[in-house]
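Notes for the structure review
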Amino acid sequence: MSNCVSWLDNAVFYEIYPQSFNDTNADGIGDINGITEKLDYIKELGCNAIWINPCFKSPFGDAGYDVEDYYTVAPRYGTNEDLANLFKKAHKRDMHVILDLVPGHTSVNHEWFRQSMKSERNEFTDRYVWTDSIWEEPQGMGCIRGISERDGSCAVNFFSHQPALNYGFYKPDPDKKWQQPMDAPGPMATREAMKDVMRFWLGMGCDGFRVDMAGSLVKHDEDSKGTIALWQDVRKFLDAEFPNAAMVSEWGEPDKSLIGGFHMDFLLHFGPSHYNDLFRCDEPYFSKRGKGSAKEFIAAYKANYAKTDGKGLICIPSGNHDMGRLSVCLDTDEMKVAFAFLLSMPGAPFIYYGDEIGMRYVEGLASVEGGYGRTGSRSPMQWDKSVNAGFSTAPKDKLYIKQDESPDRPDAESQSADESSLRSEIKRLIALRMSKPALQSKGRIEFVSDGYPLVYKRTAGEQTVTAVINPSAEKAVVNGIGGKIIYTTGGNAEIKDGTLYADGCTAVFVE
Ligand code: NOJ
Ligand code: CA
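The sections below set out a description of the structure shown in this document. Worth saying up front: this structure is predicted, and the values here are computed from it rather than measured. (Residues numbered from 1 in each chain as written. Chains lettered and ligands numbered in written order. Predicted model: local features only at pLDDT ≥ 70, side-chain atom pairs only at ≥ 80, totals over all residues. Heavy atoms only, no water.)

Structural notes on the sheet that holds strand β18 (residues 493–496)
Put simply, the test is: DSSP calls a pair of strands paired once it identifies at least 2 bridges connecting them. The way it works is that DSSP assigns letters per residue, a run of H or I at least four long becomes a helix, a run of E at least two long becomes a strand, and they are numbered from the N terminus. Helix axes are fitted to C-alpha atoms over the stretch in contact, other axes to C-alpha atoms as well, and angles between N-to-C directions run from 0 to 180 degrees.
Spatial strand order, β16-β19-β18: three strands in an open sheet with antiparallel pairing. Whereas interior strands pair on both sides, the edge strands pair on one side only; in this sheet they are β16 (476–479) and β18. Taken over all neighbouring pairs, the strand axes of this sheet differ in orientation by 15° on average, direction set aside. Bridge count for β18 against strand β19 (residues 499–502) is four bridges, and the pairing is antiparallel. The residue of β19 that forms the bridge with Ala493 is Ala502.

Brief notes about the coordination of the calcium ion (ligand 2)
Reference values for angles at a metal are 109.5 degrees in the four-donor tetrahedral case and 90 or 180 degrees in the six-donor octahedral case. Short version of the rule: Keep in mind that water is not among the atoms, so a site may look incomplete; donors are the N, O and S atoms within 2.8 Å of the metal, or 3.2 Å for Na, K and Ca.
With distances of 2.2 to 2.3 Å, the protein atoms coordinating the calcium ion (ligand 2) are Asp23 (OD), Asn25 (OD1), Asp27 (OD), Ile29 (O) and Asp31 (OD). Mapping the donors of the calcium ion (ligand 2) onto the primary sequence gives the spacing D-x1-N-x1-D-x1-I-x1-D.

As for the pattern of salt bridges
As a reminder, the rule being used: Between Lys or Arg on one side and Asp or Glu on the other, a salt bridge is scored when a side-chain nitrogen of the former is within 4 Å of a carboxyl oxygen of the latter. In this scheme, a residue with accessible area under 20% of its type's maximum is buried, one over 50% is exposed, and one in between is partly exposed, where area comes from a 1.4 Å probe on protein chains only.
Scanning all chains against the criterion turns up 38 salt bridges. Close ionic contact of Glu44 with Arg423 constitutes a salt bridge, the shortest N to O distance being 2.8 Å. Taken together, the positions of Glu44 in helix α2 (residues 39–45) and Arg423 in helix α12 (residues 422–435) put the pair 379 residues apart, joining distant regions of the chain. The class of Arg423 is buried, set by a relative accessible area of 1%.

A short note on α12
What counts, and what does not: What a helix is expected to span follows from its residue count: subtract one and scale by 1.5 Å. The contact criterion used is simple: two residues touch if any of their non-hydrogen atoms lie within 4.5 Å.
Look at α12: 20 Å from first C-alpha to last across 14 residues, which is about the 20 Å you get at 1.5 Å a residue. Where α12 is buried, its residues contact α2, α10 (332–342), β12 (350–352), α11 (412–416), β17 (485–488) and β20 (506–510).

Thoughts on the site of ligand 1
Using the following cut-off: One heavy atom suffices: a residue is near a molecule or strand as soon as one of its heavy atoms comes within 4 Å of it. Here a polar contact means two N or O atoms within 3.5 Å. Within protein one must be a hydrogen donor candidate and the other an acceptor candidate, and residues neighboring in sequence count only if both atoms are side-chain atoms. Note on areas: Shrake-Rupley, 1.4 Å probe, and residue coverage restricted to the protein chains presented here. In this classification, Asp, Glu, Lys and Arg are treated as charged, Ala, Val, Leu, Ile, Met, Phe, Trp, Tyr, Cys and Pro as nonpolar, and every other residue, Gly included, as polar.
Surrounding ligand 1, one finds Asp62, Tyr65, His105, Phe158, Arg210, Asp212, Met213, Glu250, His321, Asp322, Arg374 and Arg378. Asp212 has a polar side-chain atom sitting 2.8 Å from a nitrogen atom of ligand 1. Asp322 is positioned such that a nitrogen or oxygen atom in its side chain is 2.5 Å from an oxygen atom of ligand 1. Out of a free accessible area of 300 Å², ligand 1 has 98% covered by protein chains. When the residues that make up the shell around ligand 1 are grouped by side-chain class, the tally is three nonpolar, two polar and seven charged.

With respect to the packing of aromatic side chains
Quick note on the threshold: Aromatic pairing here means that ring centres of Phe, Tyr or Trp (its six-membered ring) are within 6.5 Å. Orientation follows from the plane angle: under 30 degrees is stacked, over 60 is edge-to-face, and everything else is tilted. As a reminder, the over-ring test applies to NZ of lysine and CZ of arginine, requiring each to be within 6 Å of the ring centre and within 35 degrees of the ring normal.
Taken as a whole and judged by the stated rule, the model has 36 aromatic pairs. Members of the aromatic cluster, connected to one another through ring pairs, are Tyr275, Phe279, Tyr285, Phe286, Phe297, Tyr301, Tyr305, Phe341, Phe447, Tyr452 and Tyr456. Above the ring of Trp383, the side-chain terminus of Lys38 is found at 4.0 Å from the ring centroid.

Some points on α10
Within α10, nine of the eleven residues are buried, which leaves it mostly tucked inside the rest of the structure. Three or more residues of α10 are buried, namely Glu334, Met335, Lys336, Val337, Ala338, Phe339, Ala340, Phe341 and Leu342. The opening residue of α10 is Asp331, an N-cap whose side-chain oxygen sits 3.1 Å from the backbone nitrogen of Asp333.

Things to note about the side chain of Ser377
Along the polypeptide, Ser377 turns up in the loop between β12 and α11. A relative accessible area of 0% places Ser377 in the buried class. A polar side-chain atom of Ser377 sits 2.7 Å from the main-chain carbonyl oxygen of Met323. Apart from residues lying up to four places away in sequence, Ser377 is in contact with Asn320, Met323, Gly324, Arg325, Tyr352, Tyr353 and Tyr361.

Digging into the sheet that holds strand β1 (residues 13–16)
The strand order across the open sheet formed by eight strands is β11-β10-β9-β8-β5-β2-β1-β12, and the pairing between neighbours is parallel. Edge positions in the open sheet fall to β11 (313–315) and β12, since each of these has one partner strand only. Neighbour-to-neighbour, the strand axes of this sheet turn through a mean angle of 25°, independent of strand direction. Of the pairings in the sheet, the one linking strand β5 (residues 96–101) to strand β8 (residues 208–211) comprises three bridges and is parallel in character.

Notes on unusual backbone geometry
Trans is the prevailing form of peptide bonds, just as negative phi is the prevailing case for residues other than glycine. A cis geometry characterises the amide bond from Tyr452 onward to Pro453, with omega recorded as -5°. Its location among the elements puts Pro453 in the loop between β13 (444–450) and β14 (454–460). Phi at Asp497 is positive, roughly 50°, even though this residue is not glycine. A relative accessible area of 80% places Asp497 in the exposed class. Positioned with a positive phi, Cys505 is a non-glycine residue whose angle comes to about 50°. Considering the arrangement of structural elements, one finds Cys505 in the loop between β19 and β20. Residue class for Cys505 comes out buried when judged on its relative accessible area of 13%.

Topic: the nonpolar core
Stated precisely, the cut-off is as follows: Within this scheme, the nonpolar core is defined by two criteria: the residues are buried Ala, Val, Leu, Ile, Met, Phe, Trp, Tyr or Cys, and they are joined through side-chain atoms within 4.5 Å.
Counting 142 residues, the largest nonpolar core has Phe13, Tyr14, Phe341 and Ile469 as its most contacted members. When residues of this core are assigned to their parent elements, the largest contribution, seven residues, is made by α10. Setting aside its immediate chain neighbours within four residues, Phe341 contacts Leu278, Phe279, Phe286, Phe297, Ile316, Leu454, Tyr456 and Ile469. If you look at the next biggest cluster of nonpolar residues, it comprises nine residues, including Ala476, Val478, Leu500 and Val510.

Structural notes on the side chain of Lys436
Here Lys436 shows up in the loop between α12 and β13. Looking at Lys436, its side chain comes within polar contact range of the side chain of Glu511, at 2.7 Å. Apart from the residues lying within four places of it in its own chain, the contact partners of Lys436 are Gln463, Val465, Ile486 and Glu511.

Some remarks on the environment of Tyr452
You can see Tyr452 is positioned in the loop between β13 and β14. Taking C-alpha positions, Tyr452 is 52 Å from Arg127, a pair spaced 325 residues apart along the chain. Excluding residues within four positions of it along the chain, Tyr452 makes contact with Pro284, Tyr285, Ser287, Gly290, Lys291, Gly292, Pro471 and Ser472. Within the structure, the side chain of Tyr452 is placed 2.8 Å from the backbone oxygen of Tyr285, a separation counted as a polar contact. Polar side-chain contacts of Tyr452 include one of 3.1 Å to the backbone nitrogen of Gly292.

Keep in mind these numbers describe shape, not what the thing actually does.
This is the structure:
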């Protein structure tokens, strides 16, 4: 692999939504010290890397993806010193921490945007994508209009309160002078400013970034050539100054992102990945009903794998803060099989906080901080059976988001003590992965069957581990399997004369 950060080879990530993880000062909102306090919990599960969603100063119109100051931890989460301390404590435990870098847009409160709204030219006039007249809208991008002293409309990148930073246009329209080329001074200054942000946190001890909407930076860039070139330039800077920094993109097109110099790209619930076919649809592949299909997912995966071979990694998360919880369509036994798959695929796996205990999507919530339908997947972690499930000692009505109130809500403490729980299964699956290089990030994959069961071989050097993933309630019979069963999730399995017989809703690993 040309560009690789060696710690990614056996990394298993845990995604933390900071506001909902662990509150140490009783204000109802999770904080950085709360994460530090739970490092041992994460490590005990087997995860050795953490991704923290944006934790910077923000008006929280999009839960922190609207950054007001890239250099300062949001006071509600603590201080920069707290974050530096988290890095230190994580490193002591051989864990790595990546932050969320949001390079595509800021909050309207950001000082850069305030300056760029002024009519008099200044250092930040070209920091964002502005048209020359309030009456002209940047086509196809949505915009902010009518709040600036400056004449013009400002393009937005996501919600209408997130102005788009200006990295230039790949093919600027010559009749529209406001569409600046990528190498114009304004776009180049934005790029350098983002490198400075990275420098700051990497210098403080962070181990890399998950990059928000990494493919969105250069405008009018149909094939992403401009955005790829931009990230290649960032890669040069990282190679020179922070060669161990891991770069993980929210892009969903690994053939582009990895060429851009990212080490790893997510396959997600959007785009052509067919990720939802597996976990989140009417008939998910991982349901016991056995009526789903993994075929299109596997076809898309194989195509991506072939295109990116040797260039970097593809990762598949259990979920994240943008989609319904894994437990919405799958029960505990089904989730165990789904995790056997997620934890035995190439690329570093990502476990969304609470998915390890099968936390539920909380129905019927009003939107919190731009969460809308995503709010129910962002509820406070359930640690134990104490008040507020151990998340916070604040009064219940002060909690950031309402918790799952069902009497049988899962919690980490109970599941840690129960060998048959989802969390215990996940812990054993991670331990299996850690003990077998073939199952780790760079082990090769070859698919043998894409129906029920799903069969694939993972190889590293002399070691080959075959995974037989059988979500359906029907027994599976697989011919041509040699070797020894090294792991099963629950059900029985045996190999007789080169044929493997496995119970329904069971995953089996053979070496
Ligand atoms: C993707 C993030 O995951 C999502 O939560 C956010 O709303 C958008 N990008 C905008 O930054
Ligand atoms: Ca707090």
